[in-house]
Amino acid sequence: MGDAPADRDAETGGSDAAVDTDRDPAEIVDDIDRPVLLFDGVCNLCHGTIRAIVKLDAEGKILFAPLQSDVGTELLSRIGLDADYFDSVVLIEAGEAYTKSTAVLRTCRYLDGPVPLLYPLVYVPERVRDLAYDLVAKYRYRIFGQKDECTVPDPEIRRRFVERSLV
């Protein structure tokens, strides 16, 4: 609060959606102007993936929020998913929600380098793609571990979170 617009833009990556920690989550969600990737905030694999996406999305086209956060809960509610839905990443873009392998592949389209070349895999039947996604999801805690709670992200990543209470 009270920051100059340029300071806010630098802090949030160009969006004022996440500036005020005292804002109601519904207000924050109303101001989101980019795709948002919701992820399991206690999953180490998810945290590593977010760090990789930040490096591969130099323009900052994608914002992030843990599924367990107030903003995550608000977004889940708006798309008709339960607040305790932690079975998948969720990509919300242009008012539409995508889960599991579809969310991952649609996210690839926003990234730099050769990663967008993975997007045509979206034409593989969803049942087949989601079998692979579900297998990784089932064992992600065993293989990669988990945290007790969502950790505060590194400054490089922090500006991309829509919920400033995490910073």
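Rules of the game
Residues numbered from 1 in each chain as written. Predicted model: local features only at pLDDT ≥ 70, side-chain atom pairs only at ≥ 80, totals over all residues. Heavy atoms only, no water. Phe/Tyr/Trp six-rings, centres within 6.5 Å; stacked < 30°, edge-to-face > 60°. Lys NZ or Arg CZ within 6 Å of the ring centre and 35° of its normal. Core = buried A, V, L, I, M, F, W, Y, C linked by side-chain atoms within 4.5 Å. Buried < 20%, exposed > 50% of the residue type's maximum accessible area, 1.4 Å probe, protein only. Helix = DSSP H or I, 4+ residues; strand = E, 2+ residues; numbered from the N terminus. Salt bridge = Lys/Arg side-chain N within 4 Å of Asp/Glu carboxyl O. Pairing = 2+ DSSP bridges. Axes fitted to C-alpha atoms, helices over the stretch in contact; angles between N-to-C directions. Expected span 1.5 Å × (residues − 1). Bend = angle between axes of the 7 residues up to and from the residue.

Chemist: Any chance you could explain the packing of aromatic side chains here in plain terms?
Modeler: Any two aromatic rings considered together are summarised by their centre-to-centre distance and by the angle between their planes. Counted under the stated rule, the structure contains zero aromatic pairs. Just above the ring of Y119 sits the side chain of R109; from NZ or CZ to the centre is 5.2 Å.

Chemist: How should the nonpolar core be read in this particular structure?
Modeler: One broad rule of soluble globular proteins: the nonpolar side chains tend to lie buried together. Counting residues in each nonpolar core, the largest one holds 19 residues, and the members touching the most others are L37, F39, I50, I53, I62, F64 and V89. Put simply, the parts of the chain that give this core at least two residues each are strand 1 (36–39), helix 3 (44–56), helix 5 (100–108) and helix 6 (126–144). For this core, the leading source of residues is helix 3, giving four residues. Counting residues in each nonpolar core, the second largest holds 15 residues, with V29, L63, V71 and Y85 among its members.

Chemist: For this particular structure, what's the right way to read the pattern of salt bridges?
Modeler: Pairs can form between side chains of opposite charge once their charged atoms are near each other. For the coordinates displayed, the defined rule picks out nine salt bridges. A salt bridge links D40 to R140; its shortest N-O distance comes to 2.7 Å. With a gap of 100 residues between them, D40 in the loop between strand 1 and helix 3 and R140 in helix 6 connect regions that are remote in the sequence. Two residues, E93 and R109, come together in a salt bridge whose shortest N-O distance is 3.1 Å. Remark: R109 occurs in the loop between helix 5 and helix 6 and E93 occurs in strand 3 (residues 90–93); sequence separation between them is 16 residues.

Chemist: Looking at this model, I keep getting lost on the sheet that holds strand 4 (residues 96–99). Mind explaining?
Modeler: Backbone-to-backbone hydrogen bonds pair the strands of a sheet. The strands run either parallel or antiparallel. Strands sit in the order 2-1-3-4 across an open sheet of four strands; the sheet is mixed. A strand with exactly one partner marks an edge of an open sheet, and here the two such strands are strand 2 (63–66) and strand 4. On average, each strand axis in the sheet is inclined to that of its neighbour by 20°, with strand direction left out of account. Looking at chain direction, strand 3 and strand 4 are connected through four bridges and run antiparallel. Across the sheet, the residue bridging to I92 is A97, located in strand 4.

Chemist: What am I meant to see in helix 6 here?
Modeler: Given 3.6 residues to a turn, an α-helix orients residues that are three or four positions apart in the same direction. End to end, helix 6 covers 25 Å across 19 residues, agreeing with the expected 27 Å (1.5 Å per residue, within 8%). Where helix 6 bends most, at K138, the angle is about 40°. Among the residues of helix 6, R129, D130, Y133, A137 and R140 are the ones counted as buried. Phi turns positive one or two residues past the end of helix 6, at G145, with a value near 85°.

Honestly, it's all geometry; don't read function into it.
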